[in-house]
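# Survey of secondary and tertiary structure
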Amino acid sequence: MEIMESSLGLIVRGCVAALAFATLTGASAADSPATATIHADQPGAKIDRHIYGQFAEHLGRGIEEGVWVGEDSKIPNVRGFRNDVVAALRELHVPVVRWPGGCFADEYHWRDGIGPRATRPVTLNTNWGGVPESNAFGTHEFLDFVQLIGADAYINGNAGTGSPREMAEWLHYLTSDKPTALTAERARNGHPGPWKIAYFAVGNETWGCGGNMTLDHYVDVFRQYATFLKTPLGARPEIIASGGHDEDTSWTEGLLARGGADLGAVSFHYYTIPGELWRNKGPAIGFGAEQWVSTLAHTLRMEDFIHANTAIMDKYDPQKKVAFAVDEWGTWYDPETGREPGFLYQQNTLRDAVVAAINFNLFHQHADRVRMANIAQMVNVLQAMVLTRGPQMVLTPTYHVFRMFRPFQDATFLPTDLQTPRYTLGNTSVPAISVSAARTAAGAIVIALVNLDPGKAMPISLSLPGATPRTVKGEILTASALDAHNTFDNPDAVLPARFTGASIKSGKLSLTLPAKSVAVLNVE
Ligand code: AHR
């Protein structure tokens, strides 16, 4: 990607639009300090905790082995869910999990995944490696799992190979409190009462693996399927339409214009792919500064995409009733040599931690509309929180960022004016600093800071009109190598540490943010 810029050190509001300008000058780095004004006196929207959501698809070892090992496994488990992964995810306060796909969702028939496990049919996972799917982890297991980790359920329905009847019956099975044949079957399968389903989507990537539909056709499909998604009063999930991706805003426009009254949210997918898209994505480890900055520049495009889509939404829905759900995001690199390419297993480095933090800052800045996001994916797939190898588990740098950002869940966004130098390498340039801030329910101000520069520490001075800061404490995640990562033999190579480098003088906060780092500060 090539980006043009006219000047260095431009002022951007909360980093907004920073990517709209870049430079074609040679390699350069930041010299002057960054400054930021956090408007504690101008609180904005609530940062919906659901932007910290996860995505778990029947893909590779994402569910089987990653989450589900079965009750008879030697790996310690509760009702078949591995204890180590459940405990790690509980720590993150995961607000929502999207399941069963992805592309898998549009070939998933929910009845294959209910009833005694021994009698469930073995089907084929045609999207991911062409492997047999045992269906051992089905509706009851998913809902048991989300309850175990304390998350809401987001179910993605099948609009590709299913039918309105199949989808309607699934939702009836899940939510009805009336004595019907389906609820009796649910009771026989071990769950007499209804579940609460927070979100339900009609298809996935219906412009691609979900059916290669035209927009007009899908708008009709959405309206038709959504009509039959009936539940008891007050139990209806937010209904999500399968939306666009990358720079294509036509799906958002079409759905907002013609999607009808059932439309609760429009989904959006954007992956950070540093190389030449699907041909040569680049490696997950063993990369240099060029791939570092290219990755971060690609990540920052999220800002343009959110901006373009939400501007359209504002035109049709100025009251912001319909949410923008970024229900697939994260890094996607080349598969590791020797591994099944269809399983999308990749290592996760400090670079991924920085990518996650930048995305969170962007989501915060659009908290009024971006009300859910789901990283792809939770365990062993793409930008994962957790990697497993048999009985072993390792927490990734991305995991640590999710944990560090927990105070932002349901906090109130505080707008920030940022003046930052840029980091430039070749013809790629990114703002050196990314920032966002919020006020927690307890009254503290939380500030997330990212130094995108791979080689230079950055002095930062922050003023907070509307607040009288007295104490500051925080955590920092950094490492010496760009591709520092945790392995099964060295699981603590990248770990957050206490950050004591910030001080308060005359109401101003100052600190020096180490190169390639993510910090979260708590100011009281
Ligand atoms: O996350 C992997 C895949 O990426 C999903 O199944 C699909 O929706 C997207 O293309």
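Values in this document were obtained by computation on a predicted structure and should not be read as measured data. (Residues numbered from 1 in each chain as written. Predicted model: local features only at pLDDT ≥ 70, side-chain atom pairs only at ≥ 80, totals over all residues. Heavy atoms only, no water.)

### Topic: the pattern of salt bridges
Inclusion rule: For salt bridges, the criterion is a side-chain nitrogen of Lys or Arg within 4 Å of an Asp or Glu carboxyl oxygen. Numbering goes from the N terminus for both helices and strands, where a helix is a DSSP run of H or I of at least four residues and a strand is a run of E of at least two. For every residue, the accessible area obtained with a 1.4 Å probe (protein chains only) is divided by the maximum for its type, and the residue is called buried under 20%, exposed over 50%, and partly exposed between those limits.
All told, the structure shown has 26 salt bridges when counted by the stated rule. With a closest N to O distance of 2.8 Å, Arg 61 and Glu 65 form a salt bridge. Arg 301 is the salt-bridge partner of Glu 247, the closest N and O atoms lying 3.0 Å from each other. With Glu 247 in the loop between β11 (238-241) and α6 (250-258) and Arg 301 in helix α7 (residues 289-316), this residue pair connects regions lying 54 residues apart in the sequence. Given the relative accessible area of 23%, Arg 301 is considered partly exposed. Look at the salt bridges and you will find they share partners, linking Asp 314, Asp 317, Lys 320, Asp 368 and Arg 369 into a network.

### Some details on the sheet that holds strand β17 (residues 412-414)
Going by this rule: In this description, strands pair whenever DSSP reports at least two bridges between them. Fitted lines through C-alpha atoms give the axes, limited to the stretch in contact for helices. The angle between two N-to-C directions lies from 0 to 180 degrees. Contacts were defined at the residue level, with two residues in contact if any of their heavy atoms lie within 4.5 Å.
Taken in spatial order, the six strands line up as β17-β21-β22-β28-β24-β25 in an open sheet, and their pairing is antiparallel. Here the strands that pair on one side only, and so sit at the sheet edges, are β17 and β25 (497-499). The sheet shows a mean angle of 25° between the axes of neighbouring strands, taken without regard to direction. With three bridges connecting them, strand β24 (residues 472-477) and β25 associate as antiparallel partners. Across the sheet, the residue bridging to Gly 474 is Phe 499, located in β25. Its contacts with the sheet place helix α8 (residues 350-365) against β17, β21 (433-439), β22 (445-451), β24 and β28 (517-523), and it is angled at close to 50° to β21.

### Side note on the state of the cysteines
For clarity, the cut-off: In what follows, a disulfide is any cysteine sulfur pair within 2.5 Å.
With the rule as written, the count across this model stands at one disulfide. Disulfide pairing is shown between Cys 103 and Cys 209; the S-S distance is 2.2 Å. Here the disulfide of Cys 103 and Cys 209 is left-handed, its torsion about the S-S bond being about -90°. Here the residue Cys 103 occupies a position in the loop between β6 (96-99) and β7 (123-125), and Cys 209 occupies one in the loop between β10 (199-202) and α5 (215-227), the gap between them amounting to 106 residues. For Cys 103, a relative accessible area of 13% gives the class buried. Under the relative-accessibility criterion, Cys 209 is labelled partly exposed at 32%.

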